[in-house]
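Geometric and topological summary
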Amino acid sequence: MYKLIDKIFDAVIKLLTLFALLILVFIIIFIFKESIVFFKKVSILKFITGRRWNPLKSPTDLSILNIILGTLYVSFIAIVIALPIGVGTGLLLSTYTNDRWKIIARGIIDILAGVPSVVYGFMGLLIIVKFFETAFDFPTGESILAGGLLLSVMILPYIISTCLETMDNIYRENLFSSEALGTSKIYMARKIVFPESKKGIIAAVILALGRAMGETMAVMMVIGNAPIPPRLFGRAQTIPSLIALEMGMVEVGSLHYHALFASGLVLMIMLLIINIIFYYIKKGIHTQ
């Protein structure tokens, strides 16, 4: 009886996994099919190296280099801000905190990860953007820096969770030996836990970067949404915000419509390239 239940459960899990993979494949095929229509009229090189996005003019004015740079810029700022805080928090919770406080901290982190992005965007609009306008006397506080600060808060729970999971396991594995040798917690954290957590930290960066580059609503509310060359205190636009803003008003089947799908395809390729790069970095660390 139990063997039959196990077989049924195993078959259901495999079926659900196959179903999830098929959904992903169909999404990729659909985006690729819609993008091909655009790339038959505009070359891929022109699309990703041109700096003008004006759907009302000729097809040559549909290019997204500024938008690609804006996506990378705001995501990079978010990672630079959030990574040290996330790694430090994970190190603190894994080595200096007892199990009771770890459970409480994990619950708070999970709540932060589950907050809707529109709520983060609304708070960013009221706090970060308003602060830049009043403290620095900017005409508008909407900027790359505002988007990066907001994204750093949003990706922080993912970095902390991933780092904490890895560091906690390493700490428990080496706790008995360290206590037997009489090493201090600070030495253990610096010389054992942190160096051995490099793969987990890279995994956290990959997860957080994917989350940052794919974020739409919150960034759209604070970044200004202007397809111009990105500057730290200037407006910019990301690929997800471009698609979200223009897809609802575009004529289905038009070149503009297919250009938005092409932008989504470029974003997917960017994420794939970044994941491949980090994969080989992790592989290099593993072989050292």
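This text gives an overview of the structure that appears in the document.

So, how was this worked out
Residues numbered from 1 in each chain as written. Predicted model: local features only at pLDDT ≥ 70, side-chain atom pairs only at ≥ 80, totals over all residues. Heavy atoms only, no water. Helix = DSSP H or I, 4+ residues; strand = E, 2+ residues; numbered from the N terminus. Expected span 1.5 Å × (residues − 1). Buried < 20%, exposed > 50% of the residue type's maximum accessible area, 1.4 Å probe, protein only. Arc of directions from axis to C-beta. Salt bridge = Lys/Arg side-chain N within 4 Å of Asp/Glu carboxyl O. Patch = residues over 30% accessible without salt bridge, like charges linked within 9 Å, V, L, I, M, F, W, Y side chains within 5 Å. Areas by Shrake-Rupley, 256 points an atom, 1.4 Å probe, with all protein chains shown as cover. Contact = heavy atoms within 4.5 Å. Core = buried A, V, L, I, M, F, W, Y, C linked by side-chain atoms within 4.5 Å. Axes fitted to C-alpha atoms, helices over the stretch in contact; angles between N-to-C directions. Parallel < 35°, antiparallel > 145°, perpendicular 65-115°, else oblique. Left-handed = near helix turned anticlockwise from the far one by under 90°. Nonpolar A, V, L, I, M, F, W, Y, C, P; charged D, E, K, R; others polar. Phe/Tyr/Trp six-rings, centres within 6.5 Å; stacked < 30°, edge-to-face > 60°. Lys NZ or Arg CZ within 6 Å of the ring centre and 35° of its normal. Polar contact = N/O pair within 3.5 Å; in protein donor to acceptor, adjacent residues only side chain to side chain.

**Some thoughts on helix α4 (residues 99-114)**
For α4, with 16 residues, the first-to-last C-alpha span of 23 Å sits near the 22 Å given by 1.5 Å per residue. By the burial criterion, the buried members of α4 are K102, A105 and I109. Around the axis of α4, the buried residues are gathered within 65° of arc, so they sit on the same side. Exposed side chains of α4 directed beyond 90 degrees from the buried face belong to R100, I103, D110, I111 and G114.

**Looking at the pattern of salt bridges**
Throughout the structure, instances matching the rule amount to nine salt bridges. K102 is paired through a salt bridge with D168; the nearest N and O atoms lie 2.6 Å apart. Remark: D168 occurs in helix α6 (residues 144-181) and K102 occurs in helix α4; sequence separation between them is 66 residues. The residue R235 makes a salt bridge to E142 at a minimum N-O spacing of 3.2 Å. In this pair, R235 is assigned in the loop between α9 (217-222) and α10 (239-246) and E142 in the loop between α5 (117-135) and α6, connecting sequence segments 93 residues apart. Three or more residues joined by partner-sharing salt bridges are found here, namely D99, K102, R106, E165, D168 and R172.

**A closer look at the environment of K41**
Topologically, K41 is positioned in the loop between α1 (2-39) and α2 (44-49). Residues K41 and L255, spaced 214 residues apart in sequence, show a C-alpha to C-alpha distance of 8.7 Å.

**Section: unusual backbone geometry**
The backbone phi angle of N225 is positive, close to 55°, even though this residue is not glycine. Inspection of the secondary structure puts N225 in the loop between α9 and α10.

**A short note on a nonpolar patch on the surface**
Judged by side-chain polarity, V118, V119, F122, M123, L126, I127 and M217 come together as a nonpolar surface patch covering roughly 600 Å² of accessible area. With six residues, α5 is the single largest residue contributor to the nonpolar patch. Tracing the backbone through its elements, the reader meets I127 in helix α5.

**What to know about the side chain of E215**
Relative to the assigned elements, E215 resides in the loop between α8 (198-214) and α9. Those residues in contact with E215, other than ones at most four positions away along the chain, are S117, L151, M154 and P240.

**Some remarks on the nonpolar core**
F38, F47, W53, I64 and I155 are the most contacted members of the largest nonpolar core, which totals 64 residues. Sequence-distant contacts of I155, defined by excluding residues within four places in its chain, comprise A78, I79, A82, A208, R211 and A212. Within the second largest apolar cluster, five residues are counted, among which are A105, I109, I160 and L164.

**Some points on the packing of α6 against helix α7 (residues 185-196)**
Two numbers describe how α6 lies on α7: the axes approach to 10 Å, and their chain directions differ by 130°. Here α6 lies oblique to α7, going by the angle between them. Seen along the crossing, α6 lies across α7 with a hand that is right-handed. Between α6 and α7, the residues in contact are M167, I170, Y171, N174, L175 and S178 and K185, M188, I192, V193, F194 and E196, respectively. Classifying every residue of the contact of α6 with α7 gives eight nonpolar, two polar and two charged.

**Considering the packing of aromatic side chains**
If you walk through the whole model with that rule in mind, you get eight aromatic pairs. Geometrically, the ring pair formed by F39 and F47 is edge-to-face, given 5.8 Å between the ring centres and 75° between the ring planes. Given the relative accessible area of 0%, F47 is considered buried. Cluster of aromatic residues (ring-pair linked, three or more members): F30, Y257 and F261. The ring of W101 carries the charged tip of R100 above its face, separated from the ring centre by 5.5 Å.

**As for α8**
Its 17 residues place the ends of α8 24 Å apart at the C-alpha level, agreeing with the 24 Å of an ideal helix rising 1.5 Å per residue. All buried positions along α8 are accounted for by G200, I201, I202, A204, V205, I206, A208, L209, A212 and M213.

**Re the side chain of K102**
Since its relative accessible area comes to 5%, K102 is described here as buried. Side-chain polar atoms of K102 contact the side chain of D168, separated by 2.6 Å.

**With respect to the packing of α6 against α8**
The contact between α6 and α8 brings their axes to 9 Å, and the two run at 155°. Considered as vectors, α6 and α8 are oriented roughly antiparallel to each other. For the pair α6 and α8, the crossing hand works out as right-handed. Contact residues: α6 offers L151, M154, I155, Y158, I159, T162, C163, T166 and M167, while α8 offers G200, I201, A203, A204, L207, A208, R211 and A212. Split by residue class, the contact of α6 with α8 holds 13 nonpolar, three polar and one charged.

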